[in-house]
Amino acid sequence: MDLKRDIYENLLQWKKRDSGKVLEINGARQVGKTYILTKFAEENYNNFIYINMMQTSGQEFISCLDKATEWEPGQKRIEKPIHKALELFDQEFTDDRETIILIDEIQESAKVFSLIRQFSREFAAHFIVTGSYLGKTVQKEYFLPAGDIETMTLETLSYEEFLEAAGKRDIYDGLDLFGRGSHEQYDELKQLYDVYCQIGGYPAVVNEYFESGDLDKCQKLLQELISIFIEESERYFDNVLEMNLFEQIFPAIAQTMVREKKGSKDLMTDLSKIIFKEESNKVTKTSIHNAIAWLYRSNIIGYCDRVNEGDILDVTFNCRFYFKDIGVARLFLKMAGADRRNIEGIINENFVCRYIEQMIREMEVAGRSPMFGLYKGGEIDFIVKSLQDECVYGIEVKAGKDIGKTANRMLKEGKIRYLFLLKGDTYGGVAEGRKYTVPIYMAGKLNFNDR
């Protein structure tokens, strides 16, 4: 099944800008980076060269580089040795704007990664580099090409992309946020949202669902993808203790999400206590920190920050985890033993996190991560400071008919200017006092610009 991805339009804009910068595509393993980039290259360029640093083509390119850069004192230097290497690799290589070179899994070679600046400055051809484990490139032998690179992130399929695959995105795009539409259409989108919350957005899992409709098969496939990720990640660690942590770290993260709604003062200590059932020593905390940093850089998890007492300038960083894919979140919440109510609440919050994180990347809202808030002993699910109208918005996520008392208090006392109540059992509506009710599955259509 050909799954359409929203990043395709961004890739077209990148080609049109012709900035001269190398494009780096971030994203977890198996989110479809190679597929969508190959499709983009084949449909929009005359010449396409593909190099995978984890496969034979990567070894061959290294051999071409070695050959092109051979030199002994007293010999005449080869002009443009990287051009020469590409000519050796592909005799049809032409250095023009209708040629694109895609280097996949570039983290496998510090030598090639460190050429990014030259790719940017010495070529007319366009370059895209990708990697599922770009966290490796923080090591000292990797030269970080600041100023010569643009970055895009490819996540697992969003709910909107899932609807595209189901042939229902037009309904979503045309439906009103606040209930002024066909109830049958809202119900249809809600049913698909419930499925999406079960399986998440990994392309292979989504394809399995549309081919078989079997949720159990989807769950098994998701487990296989996580197992492969764990096995592949372990080879990047030298420390046996850190390698062994990976099978324990996922359900432990899920437990921290369930245990404390107000966030943690020290997530590493909390994880240590869950995994080792006792106060951890320095070595253990370091190992957990390294494992979490790897999951973060591999785009598996993210952090939420905490706004204290409704003051958007008083923020405590990294107080809560969330999973980038809600299928993965559900899998490990169940493994951790969370009850159905807790699972549904956390899944809905993870769903909203993804949209806020995207708006942060696109400089629409302030912050470095999605933010929840504490106020007078209570908690609000999210606080958003708009960079469009400078207003502070509150978001309360409810699976059922619960009302956010803290959120309403913050609205009344002027700590937030507007309040969105995202619920699973509503068609949406507008209440008095700058309060709006929106179906949870319409979260991606929220607009943080003065009502």
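Just so we're clear, the structure is a prediction, and the values are computed from it rather than from any experiment. (Residues numbered from 1 in each chain as written. Predicted model: local features only at pLDDT ≥ 70, side-chain atom pairs only at ≥ 80, totals over all residues. Heavy atoms only, no water.)

**Some remarks on the packing of aromatic side chains**
(1) Moving on: In the structure shown here, the tally under the stated rule is 37 aromatic pairs.
(2) Moving on: Summarising the aromatic geometry, the rings of F123 and F127 are spaced 5.1 Å apart at their centres and angled 75° between planes, so their arrangement reads as edge-to-face. Each member of the pair, F123 as well as F127, is classed as buried.
(3) Moving on: Over the ring of Y45 we find K15; its NZ or CZ atom is 4.9 Å from the centre of that ring. (Phe/Tyr/Trp six-rings, centres within 6.5 Å; stacked < 30°, edge-to-face > 60°. Buried < 20%, exposed > 50% of the residue type's maximum accessible area, 1.4 Å probe, protein only. Lys NZ or Arg CZ within 6 Å of the ring centre and 35° of its normal.)

**Details of the layout of surface pockets**
(1) Moving on: What the largest pocket holds in volume is close to 800 Å³.
(2) Moving on: Contributions of two or more residues to the lining of the largest pocket are made by α1 (7–17), β5 (149–153), α7 (159–166) and α16 (340–361).
(3) Moving on: Ranked by residues supplied to the lining of the largest pocket, first place goes to α16 with six residues.
(4) Moving on: Roughly 680 Å³ of internal volume is contained in the second largest pocket.
(5) Moving on: In terms of lining residues, the second largest pocket is bounded by 27 residues, among which N26, T151, T153, Y296 and N299 are the most central.
(6) Moving on: Those elements that place two or more of their residues in the lining of the second largest pocket are β1 (22–26), β5, α14 (282–297), β6 (301–308) and α16.
(7) Moving on: Residue classes in the lining of the second largest pocket are distributed as twelve nonpolar, eight polar and seven charged. (1 Å grid on protein atoms, 1.4 Å probe; cavity = no way out; pocket = protein on both sides within 12 Å on 5 of 7 lines; lining within 4 Å. Points joined across faces, edges and corners; volume = space filled by probe spheres on them. Helix = DSSP H or I, 4+ residues; strand = E, 2+ residues; numbered from the N terminus. Nonpolar A, V, L, I, M, F, W, Y, C, P; charged D, E, K, R; others polar.)

**Observations concerning the pattern of salt bridges**
(1) Moving on: Per the stated rule, a full pass over the model turns up 24 salt bridges.
(2) Moving on: One salt bridge connects R97 with D18, and the closest N-O pair in it is separated by 2.4 Å. Of the two residues, R97 is situated in the loop between α4 (81–89) and β3 (99–104) and D18 in the loop between α1 and β1; the sequence distance between them amounts to 79 residues.
(3) Moving on: By relative accessible area, R97 is classed as partly exposed at 49%.
(4) Moving on: What makes D18 partly exposed here is its relative accessible area of 28%.
(5) Moving on: It is possible to trace a salt-bridge network through shared partners that takes in E155, K324, E357 and R361. (Salt bridge = Lys/Arg side-chain N within 4 Å of Asp/Glu carboxyl O.)

**Structural notes on helix α11 (residues 215–234)**
(1) Moving on: Between its first and last C-alpha atoms α11 spans 29 Å; for 20 residues at 1.5 Å apiece the expected length is 28 Å, and the two agree.
(2) Moving on: Taken residue by residue, α11 has C218, Q219, L221, L222, L225, I226, F229, I230, E232, S233 and E234 as its buried positions. (Expected span 1.5 Å × (residues − 1).)

**A closer look at empty space enclosed by the protein**
(1) Moving on: Per the counting criterion, the structure on display carries five cavities of 30 Å³ or more.
(2) Moving on: Approximately 70 Å³ is the volume found for the second largest cavity.
(3) Moving on: Around the second largest cavity, the lining residues are A28, V31, L154, E155, T156, Y202, N299, I300, K324, D325 and V328.
(4) Moving on: Here the lining of the second largest cavity is composed, by residue class, of six nonpolar, two polar and three charged.

**Concerning the environment of V392**
(1) Moving on: Its place among the elements puts V392 in strand β11 (residues 392–398).
(2) Moving on: According to the relative accessible area criterion, V392 is buried, its value standing at 18%.
(3) Moving on: Distance from V392 to Y8, taken between C-alpha atoms, is 32 Å for residues 384 residues apart in sequence.

**A short note on the sheet that holds strand β8 (residues 371–375)**
(1) Moving on: Strand order in the open sheet made by the four strands is β7-β6-β8-β9, with mixed pairing throughout. Edge strands, defined here as strands with exactly one partner in the open sheet, are β7 (315–323) and β9 (378–380). Strand-to-strand, the axes of this sheet are offset by a mean angle of 30°, without reference to chain direction.
(2) Moving on: Docked against the sheet, helix α13 (residues 267–276) engages β6 and β7, running at close to 40° with respect to β7. (Pairing = 2+ DSSP bridges. Axes fitted to C-alpha atoms, helices over the stretch in contact; angles between N-to-C directions. Contact = heavy atoms within 4.5 Å.)

**Some words on unusual backbone geometry**
(1) Moving on: Although it is not a glycine, N299 sits at a positive phi angle of roughly 65°.
(2) Moving on: The buried category is assigned to N299, whose relative accessible area is 14%.
(3) Moving on: At E309, a position not held by glycine, the phi torsion is positive, near 50°.
(4) Moving on: Looking at the secondary structure, you find E309 in the loop between β6 and β7.
(5) Moving on: You can call E309 partly exposed: its relative accessible area is 42%.

**Digging into the packing of helix α10 (residues 203–212) against α11**
(1) Moving on: Where α10 contacts α11, the two axes come as close as 9 Å, and the packing angle between them is 160°. One finds that α10 runs roughly antiparallel with respect to α11. For the element pair α10 and α11, the recorded crossing hand is right-handed. Residues A204, V205, E208, Y209 and S212 of α10 form the contact with α11, whose own contacting residues are L215, K217, C218, L221, L222 and L225.
(2) Moving on: A class-by-class count of the residues in the contact of α10 with α11 yields eight nonpolar, one polar and two charged. (Parallel < 35°, antiparallel > 145°, perpendicular 65-115°, else oblique. Left-handed = near helix turned anticlockwise from the far one by under 90°.)

**A closer look at the sheet that holds β11**
(1) Moving on: Strand order across the open sheet formed by five strands is β10-β11-β12-β14-β13, with mixed pairing between neighbours. The sheet terminates laterally at β10 (382–385) and β13 (429–431), the two strands that pair on one side only. Averaged over all pairs of adjacent strands, the angle between strand axes in this sheet comes to 20°, irrespective of strand direction.
(2) Moving on: Where β13 lies against strand β14 (residues 435–439), three bridges are found, and the strand directions are antiparallel. Paired with A431 across the two strands is K435, which belongs to β14.
(3) Moving on: The strands touched by helix α17 (residues 405–412) within the sheet are β10, β11, β12 (418–423) and β14, with β12 carrying the most contacts at an inclination of about 160°.

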